[in-house]
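Coordinates in review
Here's the letter readout for the chains.
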Amino acid sequence: MIDEKFDAIVVGAGMSGNAAAYTLAKRGLKVLQLERGETAGSKNVQGAIMYAAMLEQIIPDFREDAPLERHIVEQRFWMMDDTSHTGMHYRSDDFNTDRPNRYTIIRAAFDKWFSRKVREAGATVLTETTVTELVYDIRGKVIGVKTDRRGGQVHADVVVLAEGVNGLLGTRAGFRQMPKPEMVALAVKEMHFLPQEVIESRFNLKGDEGCVVEAAGTFSRGMTGLAFLYTNKECVSVGLGCLVSDFARTMESPYELLESFKQHPSIRPLIAGSEVKEYAAHLIPEGGFKAIPQLYGDGWVVVGDAAQLNNAVHREGSNLAMTSGRLAAEAIFQVKSRKDPMIADNLKLYKKMLDDSFVVKDLKKYKDMPNLLHTNAQNFFLTYPQLVSKAAKTFVHVDGTPKIDKEKETSRSFIKARSRLGLIGDAVRLAMAWR
Amino acid sequence: MHIVVCIKQVPDSAQIRVHPVTNTIMRQGVPTIINPYDLFAIEEALRLRDAHGGSVTLVSMGPPNAEDTLRKALAFGADRAVLLTDRYFAGSDTLATSFALASAIAKIGATYGAPDIVFTGKQTIDGDTAQVGPGIAKRLGLLQLTYVSRIASVDPEARLIEVERRAEGGIQQLRTQLPCLVTMLEGSNTIRRGTMADALKAARAQVVIWTAAEAGIEELTKCGLRGSPTVVKRVFAPGSRAEKARMIDPGTSARDTADALLDAIFAAQGALEADVAAAQASL
């Protein structure tokens, strides 16, 4: 056992863990951060888009030295059937500012940078060290952790669980449940390397401008899922994810779906001639508001993916992670400043701060969305994309059919596929869930 | 006992790629590791320290980011680490490297006590020369024990060391006087996992960083590119083999299989058959 006692132990060096460890160390607390990977970031997987506003609140001048790939000037949403896509694009020169709002990043490089900042802030960062269990006092308060190293027990006033989506420690400790298959998505991703100028010409970009494509459609074969294509400096990240419960039901394999997505005529030319250098897979919490577990207890708080804080509708995760890490650290700092014990009654401040932030407000707004999309997957991810594609095709295809007949044909096809009542029901349910 | 271990940061050979046009190794983005042979040297040094007391000093020459490699090695439980880093060292071949490391070890000796044993790995996986260890021994006037597969015993009082050395055709048992330099063979031990206390100490340790001047090196012409007579004339990637493997029908007996194999070999290499026939005729 280590005799030295810490103010806080942070388990994990992802977005939430680094945000928490950095904020705690900056506030002058004695912090030990434990990461099982070889380096911070070696186990972390994300698409990845990073939202500047949330990082600015932690490291205001991050743009000076953080490894950022491209700032996003164009967002494309595509609804796809097997041979076409119907898209909505938003591109604006206003995104070319000194302080852009969104960047693509490569987590391996970004997390290494973030971890360096954590060390510079004064935290002690140990990698290749896995926390195996929590340590309690006789009253059941968490007072430290045990690790897989010899003599590996360390004590602290509070433990911040930033262990990621699987949450093995929290589950073992009974703070949360194993994620249910319908509450997590399995996403796979490939990094396709292409020369910088090829990426720029294919996506109509210059300098550090970036473009993002997000798509839903028949490629997910009726499962609840999304695909994406993000431009980095010298590579394009292509990936897709579907709910684990859907994969289990359909027996589809994720990499096969990704292969066929890459062969789609709208995608193939964008990545043609590239070299795949990396393949990664990751679980994403999709349960939303209703899946958020207990967030604090005697001697512990949970942040980031481990707390299921992920906005599936807006595909935001890392900013919720960073913000929850920062708020947990702020709450711990306040309790510590008052010289109060790190017990549930005091740490509930963290939940209050999180409830008041965009994190929980956003998740609350979409609390019914995961359930709706899950139970109506066939309609939203197979039937509607096909209908929309057909409608768009009918609209632009000129063959001498009177326009009034075309409109009738389109509405007939919608009604035939979903019935009048079904259409109204879907619209109402979607509107209610969006509210 | 004071034991010095020389280690090197090398690109992870499992993830290395060769640039298709220039044929040079693409180091960018390739993760670095501790030269795998050096891990056997580190473990052997730690075992001797644990058995006989004393301390283990790690030394490396490399770019500033080699500090991470040294810190990682410290987490196994070494006592201190010294990094030699200076632009004067850039482009060193084995002669210049052994000069710089020998100078640093002399300085380490003056600062932390004269080393009883200097360890290196058998060779590095990026240079594959196995010259730096012997080069250091020669410059420091140390007895050298190369390709050591086992350290049988060390007697610090009598200043004696007994080792097993892998040589062509067998194992040599050698005994010599301390101080000496040992280059360790692969597979001679298994690197330990540092304790929590070791890891904590390593995470907070200050790696000692020396420039050429701080390491006491005055003859800068013996360093880096200027001190390196080795010239890389050409780097090339071996072409991929055009031929595919051929399956041979094994036949029912060993003799049939051997005959079938010989037929296949001679069919592909006509000259070989003539050579073998000539050799048999001359017997």
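Rules and cut-offs
Residues numbered from 1 in each chain as written. Chains lettered and ligands numbered in written order. Predicted model: local features only at pLDDT ≥ 70, side-chain atom pairs only at ≥ 80, totals over all residues. Helix = DSSP H or I, 4+ residues; strand = E, 2+ residues; numbered from the N terminus. Buried ≥ 20, exposed ≤ 12 C-beta atoms within 10 Å, placed from the backbone. Contact = placed C-beta atoms within 7 Å. Expected span 1.5 Å × (residues − 1). Domains from an automatic or database assignment. Nonpolar A, V, L, I, M, F, W, Y, C, P; charged D, E, K, R; others polar.

Each helix and strand counted, chain B has seven helices and 13 strands in total. Seen through its principal axes, chain B has C-alpha atoms that stretch 70 × 50 × 40 Å. The buried share of chain B, reckoned over its 283 residues, is 36%. Taking contacts inside chain B between residues at least 6 apart in sequence as the whole, the part at least 24 apart equals 69%.

Bringing helix α9 (residues 318-337) of chain A into the picture now. Residues and elements named next belong to chain A. In this model α9 runs 28 Å from its N-terminal to its C-terminal C-alpha over 20 residues, within 8% of the 28 Å that 1.5 Å per residue would give. Within α9, 16 of the 20 residues are buried, which leaves it mostly tucked inside the rest of the structure. Looking one or two residues past α9, Lys 339 carries a phi angle of roughly 60 degrees, positive in sign.

Accessible area lost on assembly of the parts is the figure often given for the size of an interface. Residue and element names in this part refer to chain A. Here the domain parsing of chain A yields domain 1 (5-69 + 105-177 + 293-365), domain 2 (182-285) and domain 3 (369-434). On a C-alpha basis, the centres of domain 2 and domain 3 stand 25 Å from each other. Each partner contributes residues to the interface: domain 2 has eleven residues there, and domain 3 has eight residues. For the side of domain 2 that touches domain 3, the class distribution of residues is three nonpolar, six polar and two charged.

Here Gly47(A) and Ala48(A) are connected by a cis peptide whose omega angle stands at 20 degrees. Along the chain, Ala48(A) falls in the loop between β2 (31-34) and β3 (49-51). Pro179(B) follows Leu178(B) through a cis peptide bond whose omega is -5 degrees. The residue Pro179(B) is located in the loop between β11 (170-177) and β12 (180-184) in this model. Of note in this structure, Met251(A) is not a glycine but carries a positive phi near 60 degrees. Structurally, Met251(A) is set in the loop between α6 (244-250) and α7 (254-262). On the basis of neighbour count, Met251(A) is assigned to the exposed category, with 6 C-beta atoms found within 10 Å.

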